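# Structural overview
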Amino acid sequence: MLYRKLGSTDLKISAVGVGTWQFGGEWGRNYEQREADAILGRAAELGINLIDTAECYGDHLSESLIGPAIRGRRSDWVLATKFGHHFHGPFSRTDDYDPQDVVRQLDASLKALQTDYIDLYQFHSGPDAAFDTDGLWDALGRQVEAGKIRHLGISIGSNRNVYQTSKATAVGAQAIQVVYNRLDRAPEEEVFPSCEAQGLGVLARVPLASGFLSGKYKPGATFPSDDVRSRRDREEADALLREAEEIKRTEVPEGVDMASWALAWCLRHPAVTAVIPGCKDVAQVEANAAAVALVPAGHPQDA
């Protein structure tokens, strides 16, 4: 495994992490504890030490599967979770960035994860007005002082949101999470330069473009109603899949797995610390981890 330093933090993280939205039940299936145990157990064997989750992947459901899976090995993992939403049902959430409620969300995450601290606690895709909520970042700073949070981060909703990115250092955040992949390069324009200027770590989410860069889907592909991808506009999805086919034909070397190539493509950018692809099973964990073999040495954040 390849390791990198997350911005100005003291966190040494694997360049490939484990995204766990799927554990929340909005990607076409539900997960049992034994499955989460197997996925995270294999990830650990492969040297992966970064888990990204959120308060609203289910009602702390994803977190509640992760907690038992890493019980007894908590110190081996870098746990990143988020705040700002209440889950009410599949694809149904309400925002809440009130400082007192955010502290309650934090305590609920700690309970679900069966830990007494979060390594990276991230503002979760909220609007700028919520980001500027009176007292929010002061309240979070007090939780850092109390030891419940080691570091703060911002998971920006729009991958062009340079407003929140540019204010990261001022509010005490040390990392940005953003959608970035070969089909969506918008962060390269303003977000990444701001991150580099501030010395922020960057977690690239959706690095496989929701599976569209996996090489498994062709234009016309459909998804069940309980899969978040079913909510995409059909014409837009087909256009992206046609673009992915062209990328596979013209950019991916012959004999190289497209998903591994797509993850390595993200990791080559000097601003990107790690990718956090989801994985539905052990085989996908193994495929994701293999991407580091395609990443050249000499990245500015190499640990």
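Use the structure listed above.
All of these numbers come straight from a predicted model, not from anything done at the bench.

### Brief notes about the nonpolar core
The biggest cluster of nonpolar side chains holds 77 residues, and the ones touching the most others in it are Tyr121, Phe123, Trp137, Leu140, Ile154 and Ile176. If one sorts the elements of this core by residue count, helix H10 (residues 258-267) sits on top with 9 residues. Setting aside chain neighbours within four positions, we find isoleucine 176 in contact with Ile154, Ile156, Thr165, Ala168, Val191, Cys195, Leu200, Gly201, Val202 and Leu203. Within the second largest apolar cluster, 11 residues are counted, among which are Leu6, Leu11, Val78 and Leu203.

### A few points about the pattern of salt bridges
For the coordinates displayed, the defined rule picks out 15 salt bridges. In this structure, a network of salt bridges that share partners links the residues Asp10, Arg74, Asp119 and Arg150.

### Here's the deal with the environment of glycine 298
Relative to the elements of secondary structure, glycine 298 occurs in the segment after helix H11 (282-289). Overall, the relative accessible area of 65% leaves glycine 298 in the exposed class. With 30 residues separating them along the chain, glycine 298 and arginine 268 place their C-alpha atoms 9.5 Å apart.

### Examining the side chain of asparagine 49
As for its placement among the helices and strands, asparagine 49 is situated in the loop between helix H1 (33-45) and strand E4 (50-52). A distance of 2.8 Å separates a polar side-chain atom of asparagine 49 from the backbone nitrogen of serine 14. Ignoring sequence-local partners within four residues, the contact set of asparagine 49 consists of Tyr3, Lys12, Ile13, Ser14, Asp76, Trp77 and Val78.

### Side note on the packing of H1 against H11
Running from N to C, H1 and H11 point in directions that differ by 25°, and their axes come no closer than 9 Å. Taken together, H1 and H11 sit at an angle that is classed as roughly parallel. Both H1 and H11 take part in a crossing whose hand is right-handed. On H11, the residues touching Ala38, Ile39, Arg42 and Ala43 of H1 are Val282, Val285 and Glu286. Here the residues of the contact of H1 with H11 sort into 5 nonpolar, no polar and 2 charged.

### Some details on the environment of aspartate 281
Mapping aspartate 281 onto the fold places it in the loop between strand E12 (274-275) and H11. Note: C-alpha distance between aspartate 281 and glutamate 35 (246 residues apart in sequence) is 7.5 Å. One polar contact links the side chain of aspartate 281 to the main-chain amide nitrogen of glutamine 284, over a distance of 2.9 Å.

### Here we look at the pairing of strand E11 (residues 201-205)
Of all 5 residues making up E11, 5 are buried, and the element is well covered by its neighbours. Burial along E11 is two-sided: the residues Gly201, Leu203 and Arg205 and Val202 and Ala204 are all buried. Two strands pair when backbone bridges link them, and strand E10 (residues 173-179) and E11 are joined in this way by 5 bridges, in the parallel orientation. For valine 178, the partnering residue across the bridge sits in E11 and is alanine 204. The handedness of the E10 to E11 crossover, carried by helix H8 (residues 191-198), is right-handed. Relative to E12, E11 runs parallel, the two sharing 2 bridges. Within E12, the residue paired with alanine 204 across the bridge is valine 275.

The rules we used
- Along every chain, residues carry numbers that run from 1 in the direction the sequence is written.
- For this predicted model, a pLDDT threshold of at least 70 governs which residues receive local features, and a threshold of 80 or more governs which side-chain atom pairs are given and counted, while totals over whole chains, interfaces and linings are taken from all residues.
- Each side-chain value is derived from all of the structure's non-hydrogen atoms; neither hydrogens nor water enter the calculation.
- What makes a nonpolar core is a set of buried Ala, Val, Leu, Ile, Met, Phe, Trp, Tyr and Cys residues whose side-chain atoms join them at distances within 4.5 Å.
- To sort residues, take the accessible area from a 1.4 Å probe on protein chains only and compare it with the maximum for the residue type: under 20% means buried, over 50% means exposed, and anything in between is partly exposed.
- A helix here means a DSSP run of H or I that spans at least four residues, while a strand means a run of E at least two residues long, and both kinds are numbered starting from the N terminus.
- Contacts are residue-level and defined by heavy atoms, with any inter-residue pair within 4.5 Å sufficient.
- Criterion for a salt bridge: a side-chain nitrogen of Lys or Arg within 4 Å of a carboxyl oxygen of Asp or Glu.
- Under this definition, polar contacts are N or O atom pairs within 3.5 Å; protein pairs additionally need one hydrogen-donor-capable and one acceptor-capable atom, and for neighbouring residues in sequence, both atoms have to be side-chain atoms.
- Fitted lines through C-alpha atoms give the axes, limited to the stretch in contact for helices. The angle between two N-to-C directions lies from 0 to 180 degrees.
- Roughly parallel means an angle under 35 degrees; roughly antiparallel means over 145; roughly perpendicular covers 65 to 115; every other angle is labelled oblique.
- Two helices crossing with the near one rotated counterclockwise from the far one by less than a right angle form a left-handed crossing, whereas a clockwise rotation gives a right-handed crossing.
- By the convention adopted, Pro, Cys, Tyr, Trp, Phe, Met, Ile, Leu, Val and Ala count as nonpolar, Lys, Arg, Asp and Glu as charged, and the other residues, Gly among them, as polar.
- Two strands pair under a simple rule: DSSP has to find at least two bridges between them.
- A right-handed crossover is one whose linking path, passing over the helix from the first strand to the second, runs clockwise when the strands point away from the viewer.

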